[in-house]
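Observations on the three-dimensional arrangement
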Amino acid sequence: MSEPQYQQSNETPSVTGAMAALAQLEAAGERAADAPSRLRILSIEGSDPIGGAGTMADMKAFTAQGVFGYAAMTSVLAQNTQGVTSIVNMEPDFLVAQLNAVSDDAIIDSMKIGMLGTPELVEAVKGWLTALEQHYRDEGIAKPVVVLDPVMYAKSGDALLTEQAEQALRDIIPMADIITPNVPELAALADADQPAADIDTLESMAREVCKRYGVAVYAKGGALALVGGASSTDILAEPSDGQGEVRTTRIEGRAVRTHNVHGTGDTLSSTLAALRPQCDTWEQAARRAKTWMNGAIAAADRLHVGKGHGPVDFTWQHAPTGLRFSADYWNRVRPIRERIHGMRFITSMVDATLSLEDFAFYLHQDDIYLTDYTSLLALASSRADRLDERVFFAQAASGGVDSEVMFHHNWYVKHGFDPSGTSRSEVTAAYIGHEHRVADSGSYARLAAVVMPCFWLYAAMGKEMREQVRNKHIDVDTHPFGEWIRMYSDPEFTESTLREVQICDRLAAEASIDEYEHMMHAALVSSEHEFRFFEQGLTRPALGF
Ligand SMILES: Nc1ncnc2c1ncn2[C@@H]1O[C@H](COP(=O)(O)OP(=O)(O)OP(=O)(O)O)[C@@H](O)[C@H]1O
Ligand SMILES: Cc1ncc(COP(=O)(O)O)c(N)n1
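Residues numbered from 1 in each chain as written. Chains lettered and ligands numbered in written order. Predicted model: local features only at pLDDT ≥ 70, side-chain atom pairs only at ≥ 80, totals over all residues. Heavy atoms only, no water.

Some details on the overall build of the chain
Scanning the chain from terminus to terminus reveals 21 helices and nine strands. On the principal axes, the C-alpha backbone points of the chain span a range of 95 × 85 × 40 Å. The buried share of the chain, reckoned over its 545 residues, is 50%. Counting 46 positive and 75 negative side-chain charges, the chain places the centres of these two groups 4 Å from one another. (Helix = DSSP H or I, 4+ residues; strand = E, 2+ residues; numbered from the N terminus. Buried < 20%, exposed > 50% of the residue type's maximum accessible area, 1.4 Å probe, protein only. Lys, Arg positive; Asp, Glu negative; His and termini not counted. Charge placed at Lys NZ, Arg CZ, Asp CG, Glu CD.)

Rendered as structure tokens:
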């Protein structure tokens, strides 16, 4: 008997479709062995020693998008976040020598052309690009994507293009697949009297320039984002047919209140050049570029580079280097810390005016909380990947039961309270719920972070309250809440806190940015719960207790 034959005509369309798709995947798999692992993108730009704009921005943006970067320099600039002090433009022949050094040796999948400075440099790039495209056509190599950033001025207002070069620049625009003017550059290309002051005008100018030059236009609206409003919108205008029709799309983003936007335009255009070959449409590439850009701008203020308009953070998706998790947390948690230190529950404890009933309520909720908290410390011990940390969390779990729970019990006995009828408040349940949800992620690092504030905020408070009691010349031994204050200002508790913080720092240093942010979020939410936890001591009537 012969083997069954899978002839196309005998199969249903879905089966044949699936078979063809699978065959395609298999063929792609076979080809992958010879395919380059990275797209290769060329930057033709001027330099920026402060590392925020020009060639340096392009290289960093390429790396952030996972592509390999080549660079040919049109000019060397002495500039920083405050402005440009000097420019040396390359000899056109030397620029061509650099460009040939790349194109004679390697394939270019895409390129970003930025500052071109002089008409001679524009002509040099034009000649080289024309020859390259002809060569690729002859060899059957895919035409590289060309993103042209018509750089005319720096944010500082310094001219980066001579007046004569502007006309030459207009002449090479049709060689680009897309141009990326900012607000003043778009107005210059549209021969408008005034730069756009609102998004509708930006859109109509982009439409006009797209029609005039027959290339797609990505109009950067950064200057409008600075004017006000919550959103920052760019315009994508594309020729929609061969008849001069233009389709526009608004590329929306969040406006970031920052003056650190040096090099945003360069970064956006090089990111587009890196992303376009990875996307099906300009719109897709534009949306991805805008989202990434937004993250980089949002992280810019924390870089602390320069005294003027600082650069964006190209590495915003990596955990901060040089800034420990603990320092980052302590800084970010400051508003919550300040609220805790100033809240009436705490200040009335220090000056001994807090009622014993209020304190007893708080204490019992804390008892309930600690039952879960100590079980989470034990869980952290079981998850720890190092022996010393396993021991630390196991001891912290048993120490918590030993000191805090025993203190609570003795306090009830001493003051004649019987908390047995009290049940878990909503606030307590919410805090415990948060910690359990974080623990359920299965991550040891997040678990270590979510339990951290209960150490650190208490240790900080214990220390400060003890000082305040001392400053009021009250003997902590006779203070009605002295024993509680002593417990959290005790050197042994401080030492445990330090160890817990060090563990979080170690785990954060080894974490991905995603995990780092999960850790940070877990710790910050716990800190907010700590505030509410104290607050409930005074709001318990409203809670129905
Ligand atoms: N404050 C901001 N908030 C959010 N996005 C911004 C902000 N400023 C700029 N952008 C975005 O950054 C990208 C670059 O736009 P921008 O208008 O700053 O370019 P540019 O003026 O050419 O920059 P540069 O000349 O500094 O290189 C755009 O996507 C823009 O929307
Ligand atoms: C080499 C070079 N290219 C472009 C810019 C524009 O960037 P910005 O407007 O942020 O200064 C620049 N400053 N330097």
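Remarks on the nonpolar core
Within the largest apolar cluster, 71 residues are counted, with the highest numbers of intra-cluster contacts made by F359, W484 and F534. Of all hydrophobic cores here, the second largest spans 51 residues; its members include A72, I108, A196 and A219. (Core = buried A, V, L, I, M, F, W, Y, C linked by side-chain atoms within 4.5 Å.)

Let's talk about the confidence of the model for the chain
Summarising the model, the chain shows a mean pLDDT of 91, and 96% of its residues fall at 70 or more. Complex prediction metrics read pTM 0.75 and ipTM 0.96. (pLDDT = per-residue confidence, 0-100.)

Side note on the site of ligand 1
The immediate surroundings of ligand 1 are formed by 20 residues, with K155, D234, T264, G265 and K290 found nearest. At a separation of 3.4 Å, an oxygen atom of ligand 1 approaches a polar backbone atom of G263. One of the side-chain nitrogen or oxygen atoms of T264 is found 2.7 Å away from an oxygen atom of ligand 1. Against a free-state accessible area of 620 Å², the protein chains account for coverage of 95% of ligand 1. (Near = heavy atom within 4 Å. Polar contact = N/O pair within 3.5 Å; in protein donor to acceptor, adjacent residues only side chain to side chain. Areas by Shrake-Rupley, 256 points an atom, 1.4 Å probe, with all protein chains shown as cover.)

Some points on the sheet that holds strand β7 (residues 216–219)
Reading across from one edge, β3-β2-β1-β4-β5-β6-β7-β8-β9 is the order of the nine strands in this open sheet, with mixed pairing throughout. If you trace the sheet from one side to the other, it starts and ends with β3 (83–89) and β9 (246–254), each paired once. As judged from the nine bridges shared by strand β8 (residues 231–239) and β9, these two strands associate in the antiparallel manner. Opposite E238, over in β9, you have R247 as the bridge partner. On the sheet, helix α2 (residues 54–64) packs against β1 (40–46), β2 (68–80) and β4 (110–113) and is oriented at approximately 160 degrees with respect to β1. (Pairing = 2+ DSSP bridges. Contact = heavy atoms within 4.5 Å. Axes fitted to C-alpha atoms, helices over the stretch in contact; angles between N-to-C directions.)

Re the packing of α2 against helix α9 (residues 264–275)
Contact geometry for α2 and α9: axes closest at 8 Å, N-to-C directions at 40 degrees. Put simply, α2 runs oblique to α9. For the pair α2 and α9, the sense of crossing is right-handed. The segment α2 lies against α9, with G54, A57, D58, A61 and F62 engaging D266, T267, S270, T271 and A274. Looking at side-chain class alone, the contact of α2 with α9 contains four nonpolar, four polar and two charged residues. (Parallel < 35°, antiparallel > 145°, perpendicular 65-115°, else oblique. Left-handed = near helix turned anticlockwise from the far one by under 90°. Nonpolar A, V, L, I, M, F, W, Y, C, P; charged D, E, K, R; others polar.)

Details of the layout of surface pockets
Space inside the largest pocket adds up to approximately 860 Å³. Around the largest pocket, the lining is made up of 46 residues, and of these K155, N182, V261, T264 and G265 lie nearest the centre. Taken together, the elements giving at least two residues each to the lining of the largest pocket come down to β1, β2, β3, α6 (183–189), α8 (222–227), β8, α9 and α10 (282–298). Here the second largest pocket defines a volume of roughly 610 Å³. For the second largest pocket, the lining is made up of 23 residues, of which G399, S403, E492, F493 and S496 are closest to its centre. Among the elements of the structure, α14 (356–383), α15 (387–415), α18 (452–471), α19 (482–489) and α20 (491–509) are those that each provide at least two residues to the lining of the second largest pocket. Element by element, the count of residues in the lining of the second largest pocket is highest for α15, at eight residues. Broken down by class, the residue content of the lining of the second largest pocket amounts to 11 nonpolar, five polar and seven charged. (1 Å grid on protein atoms, 1.4 Å probe; cavity = no way out; pocket = protein on both sides within 12 Å on 5 of 7 lines; lining within 4 Å. Points joined across faces, edges and corners; volume = space filled by probe spheres on them.)

As for α20
Within an α-helix, residues lying three or four positions from one another point in the same direction, as the helix has 3.6 residues per turn. The first and last C-alpha atoms of α20 sit 27 Å apart over 19 residues, in line with the 27 Å expected at 1.5 Å per residue. When we look at burial in α20, the residues that qualify are F493, T497, E500, V501, I503, C504, D505, R506, L507 and A508. Buried residues along α20 sit against α11 (325–332), α15, α17 (444–450), α18, α19 and α21 (513–539). Where α20 starts, the residue carrying a side-chain oxygen 2.9 Å from the main-chain nitrogen of E492 turns out to be D490. (Expected span 1.5 Å × (residues − 1).)

Digging into the site of ligand 2
With respect to spatial proximity, 15 residues lie near ligand 2, and among them G46, Q79, K155, G263 and D266 are the closest. Between Q79 and ligand 2, the recorded distance is 2.8 Å, taken from a side-chain N or O atom to a nitrogen atom. The separation between an oxygen atom of ligand 2 and a polar main-chain atom of G263 is 2.5 Å. Against a free-state accessible area of 350 Å², the protein chains account for coverage of 95% of ligand 2. When atoms are counted within 2 Å of each cavity's grid points, the one that captures over half of ligand 2 is the largest pocket. Across the shell around ligand 2, the residue classes break down as six nonpolar, six polar and three charged. (Sits in = over half its atoms within 2 Å of the grid points.)

Quick notes on the side chain of H529
As for its position among the elements, H529 is in helix α21. The exposure class assigned to H529 is buried, which follows from its relative accessible area of 9%.

With respect to the environment of N100
Within the element layout of this structure, N100 appears in helix α3 (residues 92–103). The partly exposed category is assigned to N100, whose relative accessible area is 28%. Remark: the alpha-carbon pair of N100 and A72, spanning 28 residues in sequence, is separated by 9.5 Å. Once you skip the residues sitting within four places of it in the chain, N100 turns out to touch D105 and W128.

Let's talk about the domain arrangement of the chain
A common measure of how large an interface is: the accessible area buried when the components associate. For the chain, the domain assignment lists domain 1 (39–302) and domain 2 (325–543). Taking only C-alpha atoms into account, the centre of domain 1 sits 52 Å from that of domain 2. (Domains from an automatic or database assignment.)

Things to note about the packing of α11 against α21
In contact at an axis separation of 11 Å, α11 and α21 are set at 40 degrees when each is read in the N-to-C sense. By the angle class used here, α11 and α21 are oblique. Relative to α21, the crossing made by α11 is right-handed. On α21, the residues touching F325, D328, Y329 and R332 of α11 are Y516, E517, M519, M520, A523, L524 and S527. Residue classes in the contact of α11 with α21 are distributed as seven nonpolar, one polar and three charged.

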